[in-house]
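The lines below spell out each chain.
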Amino acid sequence: LASLLIGKGAFAIVAGLIVLIAQGELFGVSVKHHQQPATFVGLVTGGLMIAGAYYHGEPGVLAMFALGVVATFLWFMAGPAAHRKGVVGHIGARILNIAYVPLLASYLIITLAIAGKDGKALVVAVIGLTFIFDTCAFLVGSVWGGSFFQRPLAPTVSPKKSVEGVIIGS
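Below is a short write-up of the structure. (Residues numbered from 1 in each chain as written. Predicted model: local features only at pLDDT ≥ 70, side-chain atom pairs only at ≥ 80, totals over all residues. Heavy atoms only, no water.)

Another point: the overall build of the protein chain. A count of helical and extended segments in the protein chain gives six helices and zero strands. In sequence order, the secondary structure elements of the protein chain are arranged as α-α-α-α-α-α. For the protein chain, the spread of C-alpha atoms along the principal axes amounts to about 50 × 50 × 20 Å. Within the span of the protein chain, comprising 170 residues, buried residues form 31% of the whole. Taking the intrachain contacts of the protein chain between residues at least 6 apart in sequence as the baseline, contacts between residues at least 24 apart amount to 59%. (Helix = DSSP H or I, 4+ residues; strand = E, 2+ residues; numbered from the N terminus. Buried < 20%, exposed > 50% of the residue type's maximum accessible area, 1.4 Å probe, protein only. Contact = heavy atoms within 4.5 Å.)

For helix H2 (residues 8–32), built from 25 residues, the straight-helix expectation of 36 Å at 1.5 Å per residue is met to within 8% by its first-to-last C-alpha distance of 36 Å. Of all the positions in H2, only Phe 11, Ala 12, Ala 15, Gly 16, Val 19, Gln 23, Phe 27 and Ser 30 are classed as buried. The secondary structure elements touched by the buried residues of H2 are helix H1 (2–6), helix H3 (39–77), helix H4 (87–114) and helix H5 (119–144). In the stretch just after H2, His 34 is the one whose phi turns positive, near 60°. (Expected span 1.5 Å × (residues − 1).)

As a further point, take the packing of aromatic side chains. Inspection of the entire model under this criterion finds one aromatic pair. A ring pair is formed by Tyr 54 and Tyr 55, whose centres lie 4.9 Å apart and whose planes are at 85°; its orientation type is edge-to-face. Tyr 54 sits in the partly exposed class, given a relative accessible area of 30%. (Phe/Tyr/Trp six-rings, centres within 6.5 Å; stacked < 30°, edge-to-face > 60°.)

What follows concerns the nonpolar core. Formed by 24 residues in total, the largest nonpolar core has its most connected members in Phe 11, Val 61, Phe 65 and Ile 109. Among the elements of the structure, H2, H3 and H4 are those that each provide at least two residues to this core. It is H4 that provides the largest number of residues to this core, a total of 10 residues. With residues up to four places along the chain from it excluded, the contact list for Phe 11 reads Ser 3, Leu 4, Leu 108, Ile 109, Leu 112, Val 123 and Ile 127. (Core = buried A, V, L, I, M, F, W, Y, C linked by side-chain atoms within 4.5 Å.)

Let's shift gears to the environment of Glu 164. If you trace the backbone, Glu 164 turns up in helix H6 (residues 163–169). Among the residues examined, Glu 164 registers a relative accessible area of 6% and is labelled buried.

On to H5, then. Compared with an ideal rise of 1.5 Å per residue, which puts 26 residues at 38 Å, H5 spans 37 Å between its outermost C-alpha atoms and is within 8% of the ideal. Among the residues making up H5, those that are buried are Gly 119, Val 123, Ala 137, Val 140 and Gly 141. Lining the buried residues of H5 we find H1, H2, H4 and H6.

Here it is, written out as structure tokens:
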């Protein structure tokens, strides 16, 4: 929020750092599940997407996303044949990573630019509402999770998520 007061450039830098950290966490989860993360391609793509949003808006983001998808395919297809087991799943997981974190974050930077003087207020509202909904979902899920429904929402994906938390967070 402080970076918003400084300006669009400072916000883009902070957002870029947060994106790279979040992507790094997702790549770490991939490694724990014995997947090939292609971390370099994903992090470079994430940085380029944030830069594209800052300098060229939506066309820049989408161009860098497309470049990242092509680079991901080339990364996995250029590797040795022994490493190509499950390559479709690995490619899909990497594309999900660059779509989920940097693509969505890029649109905050674009919103800041296209919404004029109300852009800052809109970005603060998006960040604030996301924080409030996630916090409420966590608190309700922690207190009542499992009280009404005795099964977790998705035990193999996130065993601590409860139906109650999802309902409140929605």
